[in-house]
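# Observations on the three-dimensional arrangement
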Amino acid sequence: QVQLVESGGGLVQAGGSLRLSCAASGRIISINRMGWYRQAPGKQRELVAVIALDGNTNYADSVKGRFTISRDNPKNTVYLQMNSLNSEDTAVYYCNADVRSIISVRNYWGQGTQVTVSS
């Protein structure tokens, strides 16, 4: 079984920064795409940023220039550095990954971590 565990969420003032981490554990052979999504109250879950195994990245327009996604492949960990946060960034942030384990290739979600930006 594979698990994704997020950490690093919390309460921050507008203009501040947070760094989210997501560590994958289990009988993992490799992880291809890793990413972050978020869901604000009353809204649909949306893509924030994704990073491929080769390091190629893609960002939502709303976070370009403010957020940076990175990964540590030996640690099976993905990070999201969030700068210049504003109230519209308030949401539950979810980690997502395409994982090849010894028994399957499938997509996994973390449990989510709350990010609250106060104005």
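It should be emphasised that the depicted structure is a prediction, and the values quoted were computed from it without experimental measurement.

Counting its regular elements, the protein contains zero helices and 11 strands. In the protein, the succession of helices and strands from N to C terminus is β-β-β-β-β-β-β-β-β-β-β. Relative to the compact-globule value of 14 Å for 119 residues, the protein shows a C-alpha radius of gyration of 14 Å, a close match. With respect to the three principal axes, the spread of C-alpha positions in the protein is 45 × 25 × 20 Å. The contacts of the protein with a sequence gap of at least 6 include a subset with a gap of at least 24, amounting to 54%. Counting only carbon and sulfur atoms, one obtains 46% of the accessible surface of the protein, whose full area is about 6400 Å².

Moving on: the state of the cysteines. Following the criterion strictly, the structure yields one disulfide and no others. Covalent S-S linkage joins Cys 22 and Cys 95, the inter-sulfur distance amounting to 2.1 Å. One quick way to see it: the torsion about the S-S bond of Cys 22 and Cys 95 is about -80 degrees, and its sign makes the bridge left-handed. Residue Cys 22 is found in strand 3 (residues 18–25), and its partner Cys 95 is found in strand 9 (residues 91–101); the two are separated by 73 residues along the sequence. A residue is classified by how much of its surface remains accessible, and Cys 22, at 0% relative accessible area, is buried. On the basis of relative accessibility, which here comes to 0%, the residue Cys 95 falls in the buried class.

Phi is positive for Asn 76, close to 50 degrees, though the residue is something other than glycine. Tracing the chain through its elements places Asn 76 in the loop between strand 7 (67–72) and strand 8 (77–82). Positive phi is not limited to glycine here, since Ser 84 has a value of about 50 degrees. With respect to the helices and strands, the residue Ser 84 is situated in the loop between strand 8 and strand 9.

Take Asp 89: it is sitting in the loop between strand 8 and strand 9. In contact with Asp 89, not counting residues within four places along its chain, are Arg 38, Arg 66, Phe 67, Ser 84, Val 115 and Val 117.

About the criteria used
Residues numbered from 1 in each chain as written. Predicted model: local features only at pLDDT ≥ 70, side-chain atom pairs only at ≥ 80, totals over all residues. Heavy atoms only, no water. Helix = DSSP H or I, 4+ residues; strand = E, 2+ residues; numbered from the N terminus. Rg over C-alpha atoms; globule rule 2.2 N^0.38 Å. Contact = heavy atoms within 4.5 Å. Areas by Shrake-Rupley, 256 points an atom, 1.4 Å probe, with all protein chains shown as cover. Disulfide = S-S within 2.5 Å. Buried < 20%, exposed > 50% of the residue type's maximum accessible area, 1.4 Å probe, protein only.

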